[in-house]
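Chains, contacts and geometry: an overview
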Amino acid sequence: MTLLIGIPLELDTGERRVATVPEVVEKLIKLGFMVAVQSSAGAAANFDDDAYRAAGAEVIASASELWACSDIVLKVRAPSSDEVASMREGGMLIGFVWPAQNPELMQQLAAKRATVLAIDSLPRTLSRAQKMDALTSMAGISGYRAVIEAAHAFGRFLNGQVTAAGKVPPAKVFIAGAGVAGLAAIGTAASLGAIVRANDTRAEVADQVKSLGGEFVKVDYDEEGSGGGGYARVMSEGFQQAQRAMYAQQARDADIIITTALIPGKPAPKLITSEMVRTMKPGSVIVDMAAEQGGNCELTVPGEAVVHHGVTIVGYTDLASRLARQSSTLYGNNLLRVVEELCKTKDGTINVDFDDDAIRGLTVIKEGSITWPPPPIRQPAVAPAPQPAAAAAAVAPKKGHGSGEPMSAKSLAIAFGIGALAFLMVGLYAPATFLSHFTVFVLACFVGYMVVWNVTPSLHTPLMSVTNAISSIIVIGALVQVAPPLGEPGMADRPSGLILGLAVGALTLTAVNMFGGFAVTRRMLAMFRK
């Protein structure tokens, strides 16, 4: 029997997103599923019912009918009690559930013998899970929208301008937290021309902040803030005091503050106090992206924009939903990847495989049994380190040639003796012409070595500098062979046709190499010029 995937209308106030879009519906059908969408489910995200019908979905008017007939329900927000009551016995739910914050909901779903995959429980440390990571995709949209909301509430341009009517300085934006949302906000604010500063407890994000055009502000206190799963951890009291002093300084200077600090399973830390708000310039703006978890500012009102001491404090909890079409498209793609992992055979058959770390982490309830929290992810086995004695025996060098030890006096004397004998034989029995060329060759080896390895690559790459030096030696040698001897040369003194041809060929090839190298370098440099 073909399984039916249902897409209900989101009931939460202000929620404009939908769990899938017409483009994704077509891909779900190709996997072997049927798709049903509640009427007007995508209307707030600018996806009408006709678009879903054209993609192959059935449109159902009643929410209770959709929940009752759907084998799998894809959703954005956690379901309400009424929606769970209408859910099919033994059905499957995929969406945001937040099991730690909703224990009663977990019990209701377990009573329905449901299988629940919480997209917020995805193990984010798995590289292969990035395509399913809805938290990251939604955070990126929220960070972008936070800057747009700040610019809307701010009283002037974000970028600096010089006009006939006067000079406008660039806005100073401070971003607390450089996770996915924070980095998206940094990139957006910098692209709008603002002066951007950012801070995070994780020192490793400093380079990411700089790469997006921001300045990383470090707390004057040495403590590492990296937590599990890519999140930050709770810091010590000493660090928090130093952090508060830094935030107080930034509050006095900044025009816009955007806070993103969240720690899983805990209320949002209070970073901006009412006293800091009092010291901010009139007309300044705070966008609190952690408002849904209580807010990073003491004066934040979740879901509202309020004004205190002349400072606008934006506490909207639906930032991703304010870009509903974009966020629905990305979220729908995330859920599609989850369904693909559940249906690897592409025949409409679902397999909740607990041997798959990603699926095990997502699954918080399986057939009525609560399986949350998941066990730690299995780490790959590491080969035991060799014993020091065995390692020393394995790498112990042999004495003699190739061991890295200096040659003994006897071996050195034998080597020099053999070399001197070879030169003596060449001098006694080699033709005069060969001897002169051999002498030039030996001298060229010494001179060439000193010339090539003392080239300074100041204008070009080291490789090009070395090749040009070698080419110069070849050119000089070829010119010596081509040039006629001084005085009245006889026929015996002229180079043979073979030597002359080789010399001319060497001149041609080295000229192509040198001038071609300069031409290529000029073209490469031109790529970086505006």
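Figured I'd write up the structure that's included with this text.

Rules used in this analysis
By convention here, each chain's residues receive numbers from 1 onward along its written sequence. Per-residue local features are limited, in this predicted model, to residues with pLDDT of at least 70; the limit for side-chain atom pairs, both in listing and counting, is 80 or more; totals at the level of whole chains, interfaces and linings are taken over all residues. Heavy atoms from the whole structure form the basis of all side-chain values; hydrogens and water molecules are not counted. A pair is scored as a salt bridge if a Lys or Arg side-chain nitrogen falls within 4 Å of a carboxyl oxygen belonging to Asp or Glu. To sort residues, take the accessible area from a 1.4 Å probe on protein chains only and compare it with the maximum for the residue type: under 20% means buried, over 50% means exposed, and anything in between is partly exposed. Residue types Ala, Val, Leu, Ile, Met, Phe, Trp, Tyr and Cys, when buried and joined through side-chain atoms within 4.5 Å, form a set referred to as a nonpolar core. In this text, helices come from DSSP runs of H or I with a minimum length of four residues, and strands from runs of E with a minimum of two, each type numbered from the N-terminal end. Throughout, a contact is declared for two residues whenever any of their heavy atoms are within 4.5 Å. Here a polar contact is taken to be a pair of N or O atoms separated by no more than 3.5 Å, where protein atoms must pair a possible hydrogen donor with a possible acceptor and residues adjacent in sequence count only if both atoms sit in side chains. Centres within 6.5 Å are what make two rings of Phe, Tyr or Trp a pair, Trp counting through its six-membered ring; a difference in plane orientation under 30 degrees is then read as stacked, over 60 as edge-to-face, and the rest as tilted. Geometrically, a lysine NZ or arginine CZ counts as sitting over a ring once it is within 6 Å of the ring centre and also within 35 degrees of the ring normal. When DSSP finds two or more bridges between two strands, those strands count as paired. A fitted line through C-alpha atoms serves as each axis, taken over the contacting stretch for helices, and the angle formed by two N-to-C directions is quoted from 0 to 180°. Handedness of a crossover is defined as follows: with both strands directed away from the viewer, a clockwise route from the first strand across the helix to the second makes it right-handed. Oblique is the label for any angle not under 35 degrees, not over 145, and not in the 65 to 115 range, which are roughly parallel, roughly antiparallel and roughly perpendicular in turn. Here the nonpolar group is Ala, Val, Leu, Ile, Met, Phe, Trp, Tyr, Cys and Pro; Asp, Glu, Lys and Arg are the charged ones; every other residue, Gly included, is treated as polar.

In this structure the tally under the stated criterion is 28 salt bridges. The partner of E83 in a salt bridge is K75, and the shortest N-O contact between them spans 3.7 Å. Considered together, E83 and K75 belong to a single accessibility category, that of buried residues. Members of the salt-bridge network, linked through shared partners, are R16, R145, E149, D318 and R322.

In this structure, L74, I94 and Y331 are the most contacted members of the largest nonpolar core, which totals 48 residues. Broken down by element, this core gets its largest block of residues, 7 residues, from helix α11 (residues 324-342). For L74, the contacting residues outside a window of four places in its chain are I5, G6, I7, P8, A19, L28, I94 and L335. By size, the runner-up hydrophobic cluster in this structure holds 30 residues, among which are A189, A198, M289 and L319.

Here S137 shows up in helix α6 (residues 134-153). A distance of 2.7 Å separates the side chain of S137 from the side chain of N334, its partner in a polar contact.

With that out of the way, let us pick up the packing of aromatic side chains. By convention here, two paired aromatic rings are described through the distance between centres and the angle between planes. Summed over all chains, the structure comprises 4 aromatic pairs. Measuring from centroid to centroid gives 5.6 Å for F96 and Y331, while their planes differ by 15°, and the two rings are stacked. Separated by 235 residues along the polypeptide, F96 in the loop between β5 (92-95) and α5 (103-111) and Y331 in helix α11 bring together distant segments of the chain. Of the two residues examined, F96 and Y331, each falls in the buried class. Grouping aromatic residues by their ring pairs yields a cluster made of F96, W98 and Y331. Note that R360 overlies the ring of F354, its terminal NZ or CZ placed 4.5 Å from the centroid. In this structure, K366 packs its charged tip against the face of F354, placed 4.4 Å from the ring centre.

The next thing to look at is the sheet that holds strand β10 (residues 195-199). Adjacent strands of a sheet form backbone hydrogen bonds with each other and so pair up, either parallel or antiparallel. Read from one edge to the other, the open sheet built from 7 strands follows the order β11-β10-β9-β12-β13-β15-β14, with strand pairing classed as mixed. With one partner strand each, in any of the chains shown, β11 (215-216) and β14 (305-308) form the two edges of the open sheet. When strand β9 (residues 172-176) meets β10, the two strands line up parallel, connected through 5 bridges. By the bridge assignment, K172 is partnered in β10 with I195. Of the strands in this sheet, β12 (256-259), β13 (285-288) and β15 (311-314) touch α6, which is tilted by about 155° from β13.

As a further point, take the pairing of β10. Most of β10 is tucked away: 4 of the 5 residues are buried. Note on the crossover from β9 through helix α7 (residues 180-191) to β10: the handedness is right-handed. Sheet analysis places β10 next to β11, joined by 2 bridges and oriented parallel. The partner of A198 across the bridge, within β11, is F216. In this region the chain leaves β10, passes through helix α8 (residues 206-211) and returns to the parallel neighbour β11; the handedness of that crossover is right-handed.

A few words now on the packing of helix α1 (residues 22-30) against α11. Their axes nearest at 10 Å, the elements α1 and α11 cross at an angle of 10°. Classed by the angle they form, the pair α1 and α11 counts as roughly parallel. Of the residues in α11, those in contact with V24, K27 and L28 of α1 are G332, N333, L336 and V339. Looking at side-chain class alone, the contact of α1 with α11 contains 4 nonpolar, 2 polar and 1 charged residues.

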